[in-house]
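Observations on chain architecture
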Amino acid sequence: MDGRRTWQPPRPVGRGRADHTAIVGCALYVDGVAVDSPGSAADLPRLFERAREQDGAYVWLGLHEPTEAALSRVADVFGLHPLAVEDILHREQRVKLERYEDVVFLVVRAAQYVEHERLTATSEIVSTGFVRLFVGPHFVITVRQGTVMELSSLRADLSAEPGRLARGPWAVVHAILDRLVDAYVDIAAAVQTDIELTEAEVFAPGTPVTVEQIYQLKRQLMKFKAAVLPLQRPLAALAGKQFGDPPKEIRRYFGDVADHHTAAVEQVVAFDDVLNTLLQARLAQLTVDQNNDMRKIASWAAIAALPTAIAGIYGMNFTHMPELTSRYGYPSVLLLLLVSAFVLHRLLRRAGWL
């Protein structure tokens, strides 16, 4: 068997999904070089046993939305804690870092920017998905949910740098978190562009931006915040001395990732303030527009009320009325109605009500 061949998961048989198809990547690494990969999921115990027998050897197993049966078999091989396995079966979960004896369990949320032509009230801007990691002395297991943040390209990039992979399973964890945080930074830059365009439209004459569009942008930002902000504590723990599992040289790299993550967090928090300001500004504009509409309605009502009052007086049919018997009485009253309405219109327009 060629020890350097790329893992290709078996195809599902018939309509049902075989449990082993959840494996999207697997290899045994010795001194940073892939020396063996399984022919099927049944080979995992053999690979793990080889990893435990050699110094500097570990298995990197990648799973994508495994079934409960497939996950249970993997847990039996690598000795994963049942509570951690149960957490994976719950699709929604908080970002956290936990230790189960000599195995560390890490839950993170990956994010991806969704391209769109223009912002609407239903636009999806950010898509998120969970990535769970099990890290032991001789293995690292990644379990992905959704299509966000595929790891095959990362595996290929790391395979070209055996020196990084030779540092052990925590080097793989660092590479994953580094790419995760880099994606956060890129998404923050794209969201900033969306916010700047929205801000320009809000304060432009005849703005087409609706409150619903701003609310949608704010909802998408909240989803992005739910992925970014909770990662602060796990990164601080991995970079600090109180969490001694990562080697000292790897902890320094986690510190660099934590610095980049802090910059992304500050940017996201600033976005929230800007969107709140834009939302208040748009609501204020709507209030002003409504006041202007009410003033126009009141002005036209006043213009209509004056002729109505004059006509109402002449409609009382009293005997002694001004110009009642005059030949030009009727056109004179009509002229009075027009002149009074015109004068009132000019006065209201000069006052800014029309």
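Everything in this summary refers to the structure shown in the same document. (Residues numbered from 1 in each chain as written. Predicted model: local features only at pLDDT ≥ 70, side-chain atom pairs only at ≥ 80, totals over all residues. Heavy atoms only, no water.)

This part takes up the overall build of the chain. A tally of regular secondary structure across the chain gives 10 helices and 7 strands. Here the chain holds 354 residues, and 42% of them are scored as buried. Of all intrachain contacts in the chain linking residues separated by at least 6 positions in sequence, the fraction that spans at least 24 positions is 66%. Taken as a whole, the chain presents about 19,200 Å² of accessible surface, with 56% of it coming from carbon and sulfur. (Helix = DSSP H or I, 4+ residues; strand = E, 2+ residues; numbered from the N terminus. Buried < 20%, exposed > 50% of the residue type's maximum accessible area, 1.4 Å probe, protein only. Contact = heavy atoms within 4.5 Å. Areas by Shrake-Rupley, 256 points an atom, 1.4 Å probe, with all protein chains shown as cover.)

Attention now moves to the packing of aromatic side chains. All told, the structure shown has 8 aromatic pairs when counted by the stated rule. Ring centres of Phe78 and Phe139 lie 5.1 Å apart, and the angle between their planes is 55°; on these two criteria the pair is classed as tilted. Taken as a pair, Phe78 in helix 2 (residues 68–78) and Phe139 in strand 7 (residues 139–144) lie far apart in primary sequence, 61 residues in all. Neither residue differs from the other here; Phe78 and Phe139 are each classed as buried. Between the aromatic rings of Trp170 and Phe254, the centroid separation amounts to 6.2 Å while the plane-to-plane angle is 85°, which identifies the pairing as edge-to-face. Placement of Trp170 in helix 6 (residues 169–202) and of Phe254 in helix 9 (residues 248–314) is noted, with a sequence separation of 84 residues between them. Aromatic rings pair up to connect Tyr29, Tyr58 and Trp60 into one cluster. Seen from the ring of Trp60, Arg155 lies directly overhead, with NZ or CZ sitting 4.1 Å from the centre. (Phe/Tyr/Trp six-rings, centres within 6.5 Å; stacked < 30°, edge-to-face > 60°. Lys NZ or Arg CZ within 6 Å of the ring centre and 35° of its normal.)

Residue position: His261 is located in helix 9. For His261, the residues in contact, after removing those within four places along its chain, are Val181, Tyr184, Val228, Leu229, Leu231, Gln232 and Leu235.

Turning next to the sheet that holds strand 2 (residues 33–36). Spatially, 2-1-3-7-6-5-4 is the arrangement adopted by the 7 strands of the open sheet, whose pairing is mixed. Edge strands, defined here as strands with exactly one partner in the open sheet, are strand 2 and strand 4 (96–100). Each strand axis lies, on average, 25° off the axis of its neighbour in the sheet, ignoring direction. The sheet contact formed by strand 4 and strand 5 (residues 103–113) spans 5 bridges and is antiparallel. (Pairing = 2+ DSSP bridges. Axes fitted to C-alpha atoms, helices over the stretch in contact; angles between N-to-C directions.)

Residues Leu335, Val339, Phe342, Val343 and Leu347 make up a contiguous nonpolar surface patch of about 480 Å² in total accessible area. Looking at the secondary structure, you find Phe342 in helix 10 (residues 329–350). (Patch = residues over 30% accessible without salt bridge, like charges linked within 9 Å, V, L, I, M, F, W, Y side chains within 5 Å. Salt bridge = Lys/Arg side-chain N within 4 Å of Asp/Glu carboxyl O.)

Another point: the pattern of salt bridges. Per the stated rule, a full pass over the model turns up 10 salt bridges. Taken together, the shared-partner salt bridges in this structure form one network comprising Asp36, Asp43, Arg46 and Arg50.

The next subject is the packing of helix 6 against helix 7 (residues 211–228). Across the interface, helix 6 lies against helix 7 with an axial gap of 12 Å and an inter-helix angle of 160°. By the criterion of interaxial angle, the relationship of helix 6 to helix 7 is roughly antiparallel. Considering only the axes of helix 6 and helix 7, their crossing is left-handed. Across the interface between the two elements, Tyr184, Ile187, Ala188, Asp194, Ile195, Thr198 and Val202 from helix 6 touch Ile214, Leu217, Phe224, Ala227 and Val228 from helix 7. Of the residues assigned to the contact of helix 6 with helix 7, the class counts are 10 nonpolar, 1 polar and 1 charged. (Parallel < 35°, antiparallel > 145°, perpendicular 65-115°, else oblique. Left-handed = near helix turned anticlockwise from the far one by under 90°. Nonpolar A, V, L, I, M, F, W, Y, C, P; charged D, E, K, R; others polar.)

A word on the environment of Gly39. Checked against the element boundaries, Gly39 lands in the loop between strand 2 and helix 1 (44–53). Assessed through its relative accessible area of 43%, Gly39 is described here as partly exposed. For the pair Gly39 and Cys26, spaced 13 residues apart in sequence, the C-alpha to C-alpha distance is 9.8 Å.

Walk down a regular strand and you will see the side chains alternate between the two sheet faces. Counted residue by residue, strand 1 (residues 23–30) has 7 buried out of 8 residues, so it is predominantly covered. From the end of strand 1 to the start of strand 2, which pair antiparallel, there are 2 residues, and Asp31 there has a positive phi angle of about 55°.

Of the positions making up helix 8 (residues 232–239), those classed as buried are Pro234, Leu235, Ala237 and Leu238. Seen from one end, helix 8 has its buried residues packed into an arc of 160°, which puts them on one side. (Arc of directions from axis to C-beta.)

Between helix 4 (residues 152–159) and helix 6, the least distance of the axes is 11 Å, while the angle of their chain directions is 125°. As far as their axial angle goes, helix 6 and helix 4 are oblique. Taken as a pair, helix 4 and helix 6 cross one another with a handedness that is right-handed. On the side of helix 4, the interface is formed by Ser153, Leu154, Asp157 and Leu158, while helix 6 contributes Ala175, Ile176 and Arg179. Per-class residue counts for the contact of helix 4 with helix 6 are 4 nonpolar, 1 polar and 2 charged.

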